[in-house]
Amino acid sequence: MRRTIRVDALARVEGEGAMYVRIDGDAVADVQLRIYEPPRFFEAFLRGRAFTEAPDITARICGICPVAYQTSAVQAMEAACGIAIDEGPIRDLRRLLYCGEWLESHALHVHMLHAPDFLGYDSAIAMAAEHREVVERGLLIKKAGNTLMEAVGGRAVHPVNVRVGGFYRAPTPAELRPAAELLERARDAALATVRWTAQLPFPDAELDHELVALAVAGEYPIDRGRIVSSAGLDVAPDAFDDVFEEQAVAHSNALHSRIRARGSYLTGPLARFNLAFDALSPLAREAALEAGVGPACRNPFQSIVVRSVELLYACDEALRLIGAYVPPDPPAVEVVPRRAVGCGASEAPRGMCWHRYEIDDDGTILAARIVPPTSQNQLAIEQDLRAVVEQNVALEDDALRHRCEQAIRNHDPCISCATHFLKLDVDRS
């Protein structure tokens, strides 16, 4: 008997996507994460613009993770111009801004988008009637992230203070004080969130993907690093195209990324956690072990716990950076354009965000390429979806549909980030 499980408009994800599953008897015949959001052409928008405009243009790709695009863009432009800001107050300020983004994004996903799946609600609004404290805790953490983004980036959505070479203006220590006070409260809330998510009912599952994340010795990956994997990969960002490839598929307006000759891989919180557990702050490590997910976690349904651990780490790291903060003077280094190619990568909340730019002698952008994390994770999400269906094929259609949607939301896909291309065939017969 043939069964079709489909959702034409996925809820509680960013962007427009659908799910299609076909089952023939007890066998899963087809699984598709259908991304139908129209292409957004950001690479094309960038061509012909000044290299200094890339941070502000790419920030508009996503209202949830604009700092990821800004950070990867400025690193790529600086690499093209022969500049490396690897240490010092400018780099610390970038990492501090990035902590704000992790806080607001992870808090939104954990408490508003993902938690309803575990508790049997269609939305966070419905969930709030009986779990008010959970929603309020999420809003507190998100407010701390937004406040930090405003203090460093100029505003909470699409920050305007980031530039190639650093910042237009460095905040004073006094301007960071309100964020620090909120972060103290948010850290307590994040610890409570780790303990709360650890008690949720998790379906049995174990992923077998190659895990890919950035790596810097002694640091939990956020704003920079080499590209490493659980299978021994270790390359610089400018070697991305030597290792990874993108392919178009008929059912998605986003390119599918894969490792050459190896296939799918997973980037994001589970990858970072498994590859860099020892680099977490002591409090975050202790909380993860107490929650039963450290030092490794291979159950994608427990990604909600791992994101909660990263919330706790981001609070710790932000408070550490504020405690040692010395305003950079000047707030930016001079960057002189030259004809070259540069690549940059950083860890968006959902995973590695990679940029490549070719610029002319005067800094005009000749070519741009952006590979967002959701595009990289599409194959892995579909494989997880197939495994969930195979394990739960005996469920009734409605129950199976819910489990499949939950499996997709495990990865917090940001669909709008992923749709950058359009395949165009012109027939002039």
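Residues numbered from 1 in each chain as written. Predicted model: local features only at pLDDT ≥ 70, side-chain atom pairs only at ≥ 80, totals over all residues. Heavy atoms only, no water.

How should I be thinking about the pattern of salt bridges in this particular structure?
When the charged atoms of two side chains lie near each other, side chains of opposite charge can form a pair. Summed over all chains, the structure comprises 34 salt bridges. For Glu78, the salt bridge is made with Arg94, and the minimal N-O distance between the two is 2.5 Å. Residue Glu78 is located in helix α3 (residues 66-80), and its partner Arg94 is located in helix α4 (residues 89-119); the two are separated by 16 residues in the primary sequence. Each member of the pair, Glu78 together with Arg94, is buried. With a shortest N-O distance of 2.7 Å, Arg187 and Asp316 are connected by a salt bridge. Of this pair, Arg187 sits in helix α7 (residues 173-197) while Asp316 sits in helix α11 (residues 303-323), placing them 129 residues apart in sequence. (Salt bridge = Lys/Arg side-chain N within 4 Å of Asp/Glu carboxyl O. Helix = DSSP H or I, 4+ residues; strand = E, 2+ residues; numbered from the N terminus. Buried < 20%, exposed > 50% of the residue type's maximum accessible area, 1.4 Å probe, protein only.)

It is not clear to me how the sheet that holds strand β6 (residues 210-215) should be interpreted in this structure. Could you clarify?
What holds strands together in a sheet is hydrogen bonding between their backbones, with the strands either parallel or antiparallel. Strands sit in the order β8-β7-β6-β11 across an open sheet of four strands; the sheet is mixed. Sheet topology places β8 (234-235) and β11 (265-267) at the edges, where each strand pairs with a single neighbour. Note: β6 against β11, three bridges, orientation parallel. Directly across from Glu210, in β11, lies its bridge partner Tyr265. Across the face of the sheet, helix α9 (residues 269-276) comes into contact with β6, β7 (226-229) and β11 while running at roughly 75° to β6. (Pairing = 2+ DSSP bridges. Contact = heavy atoms within 4.5 Å. Axes fitted to C-alpha atoms, helices over the stretch in contact; angles between N-to-C directions.)

Explanation requested: empty space enclosed by the protein in the structure shown.
If a probe the size of a water molecule is rolled over the atoms, the empty space left behind becomes visible. On inspection of all chains with the given rule, the structure shows three cavities of 30 Å³ or more. Roughly 70 Å³ of volume is contained in the largest cavity. If you trace the largest cavity, you find it lined by Leu266, Thr267, Gly268, Pro269, Leu270, Ala271, Ser303, Arg307, Arg350, Asn377, Asn410 and His411. When residues of the lining of the largest cavity are traced back to their parent elements, those giving at least two are β11, α9 and α11. Among the elements that take part in the lining of the largest cavity, α9 stands out by supplying three residues, more than any other. Of the residues belonging to the lining of the largest cavity, the class tally is four nonpolar, six polar and two charged. In this structure, the second largest cavity spans a volume of roughly 40 Å³. If you go around the second largest cavity, the residues you meet are Val67, Thr71, Val74, Arg94, Leu97, Val162 and Phe167. The set of elements that each furnish at least two residues to the lining of the second largest cavity consists of α3 and α4. Here the lining of the second largest cavity gets three residues from one element, more than from any other, and that element is α3. Across the lining of the second largest cavity, the residue classes tally to five nonpolar, one polar and one charged. (1 Å grid on protein atoms, 1.4 Å probe; cavity = no way out; pocket = protein on both sides within 12 Å on 5 of 7 lines; lining within 4 Å. Points joined across faces, edges and corners; volume = space filled by probe spheres on them. Nonpolar A, V, L, I, M, F, W, Y, C, P; charged D, E, K, R; others polar.)

I tried to follow the sheet that holds strand β12 (residues 340-348) on my own but got confused; where do I start?
On the basis of which strands lie adjacent, the open sheet formed by three strands has the order β12-β13-β14 and antiparallel pairing. The open sheet terminates on both sides in strands that have one partner only, identified here as β12 and β14 (365-371). Going across the sheet, the axis of each strand differs from the next one's by a mean of 15°, ignoring polarity. Strand direction decides the pairing type here: β12 and strand β13 (residues 351-359), joined by nine bridges, are antiparallel. Within β13, the position partnered with Gly342 by the bridge is Tyr357. Here α3 sits on the sheet in contact with β12, β13 and β14, set at roughly 150° to β12.

Got a minute to help me understand the packing of α7 against α11 in this structure?
Axes are the key here: two packed helices are described by the angle between their axes and the distance separating the axes. Taken N-terminus to C-terminus, the directions of α7 and α11 make an angle of 155°; their axes are 8 Å apart at the nearest point. Taken together, the axes of α7 and α11 lie roughly antiparallel to each other. Where α7 crosses over α11, the handedness of that crossing is left-handed. Contact residues: Leu176, Ala180, Leu183, Glu184, Ala186, Arg187, Ala190, Leu191, Thr193, Val194 and Thr197 in α7; Ile304, Val305, Ser308, Val309, Leu311, Leu312, Cys315, Asp316, Ala318, Leu319 and Ile322 in α11. A per-class count over the contact of α7 with α11 returns 16 nonpolar, three polar and three charged. (Parallel < 35°, antiparallel > 145°, perpendicular 65-115°, else oblique. Left-handed = near helix turned anticlockwise from the far one by under 90°.)

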